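Spelled out, the chains give:
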Amino acid sequence: MLFNSYAFIFFFLPVTLLVFFQLGKASGKLAAGWLAASSLFFYGWWSPAYVALLVVSVLFNYGMGLAIVRAGAPADARRRKRLLVFAVAVDLAVLGYYKYANFFLDSVNTALGTSASLGAIILPLGISFFTFTQIAYLADAYQGKAREYSFVHYGLFVTYFPHLIAGPILHHREMMPQFALPETYRPDYGNLAAGLTIFVIGLFKKVVIADGVAGYVAPVFDAPQAGQVLTFLEAWCGALAYTFQLYFDFSGYSDMAVGLSLLFGIRLPINFHSPYQAANIIEFWRRWHMTLSRFLRDYLYFPLGGNRKGPARRYVNLMTTMLLGGLWHGAGWTFVVWGGLHGAYLVVNHAWRALRERLGHDLKRSTAWGRAAGCAVTFIAVVIGWVVFRAESLDAAAAILRAMAGLNGLVVPDVWLAKWGGFGEWLAQHGVAFDATPALARTGVVHWIWILLLIVWFAPNTQQIMAASRPALGVPPESAAARWQWRPAAASAAVIAAMALAVIVNLNRHSEFLYFQF
Amino acid sequence: MSARAYVWVVLALCAVFLVPVAGLNLMLMANSLRADKNRLASDWQQATRGVTYAPPISQNRPFKTLRLNDRIAEVNTIVFGSSTTMGITGDAFPPPLRNYNFAQSGNSLRAVIGEAEYIVERWGGRVTLLVIPLDWALGFVYEPGEPVHAELSPEAVLRDAAAAHPSLRAQLAEALSLPRLKILAGIARDLLKAPATGAAFRQVFLEPAGPEYRCADGTPARDFDVVYRGMCNGFRHDGSATFADQKRLDAGRAQTSLAVALSGGGQYALALKKGGGQLAPVLLDRIARLARSIEGQGGAVLLLLPPLMPGMEEGLARTEHSGALLRATKDALESWSARERIALLDAGRSERYGCVAAEFIDPHHALPECYRKVFSRFFRDYPGRATASAR
């Protein structure tokens, strides 16, 4: 079931919410059980067959976690380790089969000229998310950081529908205490008001903005495979359109998750914090898909040694983490290269900072111009990365990047010549080339781009607007301008109702979220 | 404002807007999608020879098929195709040709061949001229696959229409959609302007059709749809479309439309590119077989390359992206039709027939004035080519 569907908005959500609070009056456990059962129904709406996989995964990991926690005596250290290795190996094997088996076979076939096949394997929705969530739990159980939880709470922690399919990646330390609080199961109008507002903002980002700009992306990214040679403007417009589509799609989903969860009185961790305002790539990864960054840092980068074993090892660890992070996003070489590219960006960024420190620069001080320049460079680097991320193949990515570098020339769409009238003719007479730009047939993308650039660079994000109601966990301690602060008021109610209506009348073109595939 | 009041105000504002919108749109759809609308509209046209259609206007196959069955006894010429050829009126054909325009929205060449085969098989002795468009501009001549079998009996078409009735869930989703909202807003505006709002409301929401009225040329009209009321929109008695909901190209729009039509990313360039200039052989074979079949019964097939706005085909022929593909398509069609000895009327360069941009609503939809010029020239230059067999 999609958050941006009539079935979810008008049926699933109201029913689940009403029954949850009714049951909460009698028993918190009962309400939590209802929420977990509803979450399975939500998951099963897509494919009932894969509910069994999810349930087995929950049972297996709960059992293994329990076994690891109970084998707590120092004498049992080896047994605990064996249990951990076994459980993580099984999780990774399942993930590997569903997500990477065909990629691996295709790569082997390409290298050896063979034609081995496993047939089509359907990727269960959200498998990366619920696998990582549970691996973190197992690792913490091994390190003594997780204790014995109730099965109902554990099941809810993994299956909780706001995060189940596309994150945020939850941590048991953040969630279990909330499930244990009696007030979670009592309706709180403060939470309901803030949750409703955030959910509507997220829906608006997805349905109106991300889906609105999406139509401009495919013609550009499909062009190389259709044998079309892209020009400078076509390539940049397509790359920027995708940059915004991905951000508003995924951050919209994350807002919806945070808002929905808040309706149930449960706070999720923040997942986006204006990433395109980052002044360097290190900051970007502290603002983009923050729960994945946290997971990779805590359960991959730190165990690899982090920055504790010298700069060279640190760079190797960074690169390894980002390569695997890239692979997590999808089974394809474009994702691996994208991860490697960001690994390289991070290495350069850390090396640059080390150099500046050696030269005696104060890294904490920055000028407005310096920050603006850093923001622009970071943004361009990220856009280049998204081209590789979205492209169908590395060849297609290279073709688009060549066009973005201006190697195929600067051509203005010929439809603009007629639209611009005298100005267009003047430009044509002065050497500006007007010609066919098939991938830019709908030139309205230009307006989308400048408007969305202003929003991502200068507007406060949802968490900043909603800061007064503390809607999410881990929001950086900085305040938005007071005039952007949300408060329950007639004007804000009217704005949110208008946004909700704009979403609802556009819902019948509903599309899936980009991050479902990861 | 308290958080509690805020939640209820947001929900109430949404409900105040959505409940009436959903309710009224469901009423409109229930009225529009009444199972008997096609029959009612068709019977009314048969009785009055007026202008009408059964909603929705984009799904006109049931209505057109009922009309065909009603008219088949009195016509001897059938025009096929999609909306491109809906501008062909009965007076474009000289006597003794009596035409019914059976063109339907979005009807591909594959569908047309199936319909033509049905008609030849069922009414071959009666129908003597089949006008079949070869619409490369929409890519129909390149489409792979066998022609679609057609069943054009009233019972079959009404059965198909009933089976296509959307579910309540689909209707509810549609009722809340932006296009439906815009239609409802337009109706609300009209109702508020109506002298008797209550009666107008009843008519739009509860009655199958509006009152009968007259078009500018005196033809009677009746609206069975809830949109385009009083505009004389729909199909004439001869099956041609009035296109009353569309605007003619004026000088400014014509220039922009031509620029867009000639661009490498435009729909025509993409249609040519997708087809690669390679006509679908199976479609040509079936048309040739159809021509032989109707010739055996004393009839003929007239192939039509529909008129395009002045300057468009010539402009496309000069472009690097489409010129070669267009030439390949037209050369192949000409040599094939000559080989099969089937008449081919190439009206693509409509300016040669004296058509002007104002006789188009977009680059490939010509209005009756242009089609009249095209057919009058054809029948003047080749008087016996297609009419000889007409009784």
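Residues numbered from 1 in each chain as written. Chains lettered and ligands numbered in written order. Predicted model: local features only at pLDDT ≥ 70, side-chain atom pairs only at ≥ 80, totals over all residues. Heavy atoms only, no water.

1. Quick look at the state of the cysteines
Residues and elements named next belong to chain B.
Then, in step 1: Scanning the entire structure with this criterion turns up two disulfides over all chains.
Then, in step 2: Across a sulfur-sulfur distance of 1.5 Å, C215 and C232 are joined as a disulfide pair. One disulfide, between C215 and C232, carries an S-S torsion of -85° and so falls in the left-handed class. Placement of C215 in the loop between β4 (213-214) and β5 (220-221) and of C232 in the loop between β5 and α9 (251-262) is noted, with a sequence separation of 17 residues between them. (Disulfide = S-S within 2.5 Å. Helix = DSSP H or I, 4+ residues; strand = E, 2+ residues; numbered from the N terminus.)

2. A few points about the interface of chain B and chain A
How big an interface is tends to be stated in terms of accessible area lost as the parts join.
Then, in step 1: Counting residues at the interface gives 29 residues for chain B and 34 residues for chain A.
Then, in step 2: When the two sides are added together, the surface that chain B and chain A hide from each other amounts to roughly 2500 Å², 76% of it contributed by carbon and sulfur.
Then, in step 3: Among the residues chain B hides against chain A, the three largest losses belong to B:M1, B:Y6 and B:L176. Together they make up 23% of the total.
Then, in step 4: Our count for the contact surface shared by chain B and chain A stands at zero salt bridges.
Then, in step 5: Put simply, chain B and chain A have five residue pairs in polar contact (both at pLDDT 80 or more) between them.
Then, in step 6: Of all elements in the fold, only α1 (3-32), α6 (168-175), α7 (178-193) and α9 of chain B reach the threshold of two or more residues within the side of chain B that touches chain A.
Then, in step 7: Ranked by the residues each element gives to the side of chain B that touches chain A, the list is headed by α1(B), at twelve residues. (Contact = heavy atoms within 4.5 Å. Buried area = accessible area lost by both parts, 1.4 Å probe. Salt bridge = Lys/Arg side-chain N within 4 Å of Asp/Glu carboxyl O. Polar contact = N/O pair within 3.5 Å; in protein donor to acceptor, adjacent residues only side chain to side chain.)

3. Overview of the packing of helix α14 (residues 311-329) of chain A against helix α15 (residues 333-358) of chain A
Residue and element names in this part refer to chain A.
Then, in step 1: For the pair α14 and α15, the least separation of the axes is 7 Å and the interaxial angle reads 150°. What the angle tells us is that α14 and α15 run roughly antiparallel. When you trace α14 past α15, the crossing you get is right-handed. Seen from α14, the contacting residues are R314, Y315, L318, M319, M322, L323, G326, L327 and H329; seen from α15, they are F335, V336, W338, G339, G340, H342, G343, A344, L346, V347, H350 and A351. (Axes fitted to C-alpha atoms, helices over the stretch in contact; angles between N-to-C directions. Parallel < 35°, antiparallel > 145°, perpendicular 65-115°, else oblique. Left-handed = near helix turned anticlockwise from the far one by under 90°.)

4. A short note on the packing of aromatic side chains
Residue and element names in this part refer to chain A.
Then, in step 1: One pass over the full model with this rule turns up 68 aromatic pairs over all chains.
Then, in step 2: Consider the rings of Y6 and F10, whose centres lie 6.1 Å apart with planes at 15°: the pair is stacked. With a gap of four residues between them, Y6 and F10 both fall in helix α1 (residues 6-26), about one helical turn apart.
Then, in step 3: On the basis of relative accessible area, F10 is assigned to the partly exposed category, the value being 42%.
Then, in step 4: Both rings, one in F272 and one in W288, keep their centres 4.9 Å apart while their planes meet at 80°; by these two values the pair is edge-to-face. With F272 in the loop between α11 (232-263) and α12 (281-287) and W288 in the loop between α12 and α13 (290-304), this pair connects stretches of sequence that are 16 residues apart.
Then, in step 5: In this structure F272 comes out as buried when scored by relative accessible area, which is 6%.
Then, in step 6: The cationic tip of R390 hangs over the ring face of Y242; the distance from NZ or CZ to the ring centre is 5.8 Å. (Phe/Tyr/Trp six-rings, centres within 6.5 Å; stacked < 30°, edge-to-face > 60°. Buried < 20%, exposed > 50% of the residue type's maximum accessible area, 1.4 Å probe, protein only. Lys NZ or Arg CZ within 6 Å of the ring centre and 35° of its normal.)

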